[in-house]
Amino acid sequence: MTRPLIAAPRGSAATSAPHHVPVAVGAPIGTADPRLFGSFVEHLGRGVYGGIFDPAHPAADAEGFRSDVIALVRELGVTVVRYPGGNFVSGYDWRDGVGPVAERPRRLDLAWKSVETNEFGTDEFIAWCRAAGTEPMLALNLGLGDVRSALQLLEYANHPGGTTLSDERIGNGAPLPHDVRTWCLGNELDGPWQLGHKRAAHYADVAASAANAMRMFDPSLELVVVGSSNADMPTFGAWEETVLERTIELVDYLSCHIYFYEDDDLAGFLRSADRLDAFLDGVQDVIRRVRVRHPGARDVRISLDEWNVWNFRAYDDIKEERDFELAPRLLEQDYTVADAVVVGSLLQSILAHCDTVGIAAMAQLVNVIGPIRAEADGPAWRQTTYFPFAAMARSAGHTVFATNPTADSDVVTTVTRDPSGGAAHVFLTNRSTDTPAVIEVDLARFRPNRVDRAELLWHPDPHAANTAQSRVRVTRRTPTTVLEGGRLRLTLPPISWAGIELACSVDG
Ligand code: AHR
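Because the structure is predicted, anything quoted here is derived from the model rather than measured.

> Could you clarify how one ought to interpret the overall build of the protein chain in this entry?
From N to C terminus, the protein chain includes 11 helices and 22 strands. The globule rule puts the C-alpha radius of gyration for 508 residues at 23 Å, and the 23 Å found for the protein chain is close to it. Seen through its C-alpha atoms, the protein chain measures out along the principal axes to roughly 75 × 55 × 45 Å. Burial analysis of the protein chain (508 residues in total) assigns 59% to the buried set. Taking the contacts inside the protein chain whose residues are at least 6 apart along the sequence as the reference set, 77% of them involve residues at least 24 apart. Counting every atom, the protein chain has about 18900 Å² of accessible surface; 51% of that belongs to carbon and sulfur. Across the protein chain, the centroid of the 47 positively charged side chains sits 4 Å from that of the 67 negatively charged ones.

> Would you mind going over helix α8 (residues 272–293) with me for this structure?
Note on helix geometry: an α-helix contains 3.6 residues per turn, so any two residues three or four positions apart are oriented the same way. The terminal C-alpha atoms of α8, which comprises 22 residues, lie 33 Å apart, in line with the 32 Å expected from a rise of 1.5 Å per residue. Of all the residues in α8, the buried ones are Ser272, Ala273, Leu276, Asp277, Phe279, Leu280, Val283, Gln284, Val286, Ile287 and Val290. On its buried face, α8 sits against α6 (238–247), β9 (253–260), α7 (266–270), β10 (301–309), α10 (337–352) and β12 (357–363).

> Just checking my understanding: could you explain empty space enclosed by the protein for this structure?
If a probe the size of a water molecule is rolled over the atoms, the empty space left behind becomes visible. Tallied over the entire structure, the rule returns five cavities of 30 Å³ or more. In this structure, the largest cavity spans a volume of roughly 90 Å³. Along its surface, the largest cavity is lined by His43, Leu44, Gly45, Gly47, Val48, Tyr49, Asp109, Ser114, Val115, Glu116, Ala327 and Pro328. Tallying contributions element by element places strand β5 (residues 114–116) first for the lining of the largest cavity, with three residues. Here the residues of the lining of the largest cavity sort into six nonpolar, four polar and two charged.

> I tried to follow the sheet that holds strand β20 (residues 482–484) on my own but got confused; where do I start?
Pairing within the open sheet is mixed, and its nine strands lie in the order β19-β22-β17-β16-β15-β1-β18-β21-β20. The open sheet has two edge strands, β19 (448–457) and β20, and neither has a second partner. Taken pair by pair, the neighbouring strands of this sheet meet at an average axis angle of 25°, ignoring direction. Of the strand pairs in this sheet, β20 and strand β21 (residues 487–492) are connected by three bridges, and their pairing is antiparallel. If you follow Glu484 over to β21, its bridge partner there is Arg487.

> What exactly am I supposed to notice about the sheet that holds strand β6 (residues 135–139) here?
By definition, the strands of a sheet pair up through backbone hydrogen bonds, in either a parallel or an antiparallel sense. Strand order around the closed barrel formed by eight strands is β2-β3-β6-β7-β8-β9-β10-β12, with parallel pairing between neighbours. Each adjacent strand pair in this sheet contributes to an overall mean axis angle of 30°, direction not counted. Note: β9 against β10, seven bridges, orientation parallel. For Phe260, the partnering residue across the bridge sits in β10 and is Val309. Packed on one face of the sheet, helix α2 (residues 122–132) meets β3 (80–83) and β6 and runs near 155° to β6. Here α10 sits on the sheet and contacts β9, β10 and β12; the angle it forms with β10, its principal contact strand, is near 175°.

> Explain the pairing of strand β22 (residues 496–504) here, please?
Moving residue by residue along a regular strand, the side chains alternate between the two faces of the sheet. Most of β22 sits inside the fold, with nine of its nine residues counted as buried. Burial along β22 is two-sided: the residues Ser496, Ala498, Ile500, Leu502 and Cys504 and Trp497, Gly499, Glu501 and Ala503 are all buried. Where strand β17 (residues 423–430) and β22 come together, eight bridges link them in antiparallel fashion. Bridging across to β22, Thr429 finds its partner in Trp497.

Conventions we followed
Residues numbered from 1 in each chain as written. Predicted model: local features only at pLDDT ≥ 70, side-chain atom pairs only at ≥ 80, totals over all residues. Heavy atoms only, no water. Helix = DSSP H or I, 4+ residues; strand = E, 2+ residues; numbered from the N terminus. Rg over C-alpha atoms; globule rule 2.2 N^0.38 Å. Buried < 20%, exposed > 50% of the residue type's maximum accessible area, 1.4 Å probe, protein only. Contact = heavy atoms within 4.5 Å. Areas by Shrake-Rupley, 256 points an atom, 1.4 Å probe, with all protein chains shown as cover. Lys, Arg positive; Asp, Glu negative; His and termini not counted. Charge placed at Lys NZ, Arg CZ, Asp CG, Glu CD. Expected span 1.5 Å × (residues − 1). 1 Å grid on protein atoms, 1.4 Å probe; cavity = no way out; pocket = protein on both sides within 12 Å on 5 of 7 lines; lining within 4 Å. Points joined across faces, edges and corners; volume = space filled by probe spheres on them. Nonpolar A, V, L, I, M, F, W, Y, C, P; charged D, E, K, R; others polar. Pairing = 2+ DSSP bridges. Axes fitted to C-alpha atoms, helices over the stretch in contact; angles between N-to-C directions.

Purely geometric numbers; function is a separate question.
As structure tokens, then:
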């Protein structure tokens, strides 16, 4: 017997008859590396000061970390966090941020026209990562900084002891090595806005020299070389080719960054994942081409270590008008339901590329274009973009399967299964602005026996957001699901995203 499907929720902008979408599960694509659910904390605006670190806040712990923010980060399921930038890192001297806090210098941060107190530095970040249950990924200053200084940070952080630098770390209260496994060899050095911006061949030499020396310290480190800052860079493709030609035997990841924003074209914005698919495929093509010429090449994967929805034009408009300030309010975007639907679909694109993408970091984490917002003397809350990320991070380590239809239609479907076979996840985006989708996913081969969890992100106003005045305007809804004969059915209203977890019978 077939139970009726839900109608589009009241107030939906649906204007057309529902679109029926039968979905078949195909072959496995690969495994979702847990580090696909990474994030990014930069010394920018109120990301660090007034974000993760705020000793004056009532919820601060003994180290000045906001415990309410840490609880939200844990719930979000963030597996790895890139730090300290971003554009900031290209002017940063890591030495300013270690040692007795009272002796740390105040500096101008030219990248974000701010004043940096250095109260929070490498040791604090590592301690914060441990408290938040996440792994650190450190970026090195290869902009205005040099390879020697980068190597000194590596020794400071990872050498057990018995040298001046490692003993300095011990003296600063960290007796055990920080054991940071993943290192970014600079940030966006292809961009003319970057402090220490370089031509590709120059950067390639610097990165190769850093990687070579870092491998002498520890051959097992994971190194990320800088790729393109976005898909529209005039050097996209050529930059990667030059840099990889020189470094493909030394590095493990090629970085790339991409941001999307609505810009008065909601329908086009909802299709952002198509552009991410094309970008990732373009980056992978270069890796493939260069690898053919290098028999000794490493198995270089993509590190999409900055991605998100970000209206960066709004920042461009205000940046010239400010003085140098301490932790100014910068890039504090109130994310809408449409933004969150796009974020869900971007994560689906990342999962669909799990055979070539090994690391992905949503940029950023708190206040600065982040899924979490926090106010001094006030609460922390979940932005709309928090919900799809938190649901999808629960599929870390799963096998991802191809599905049909694919992203050509309004509906984007992702199916994953955990390695034991006991659980399957289905993620769905309806990108149509006016047509509900009745989706039926044939999961019979996984032998699903019940829906354990189902959530829908939708709101009658696709531009609804959670703000300081209205922190829970948008939250998870529970969609009606029907599981029958191994088929999962549900209706997605226009501009919505859903995540479903199913318990499955394990073979044998
Ligand atoms: O995430 C904000 C900024 O975007 C980063 O500092 C930079 O790397 C990118 O351009």
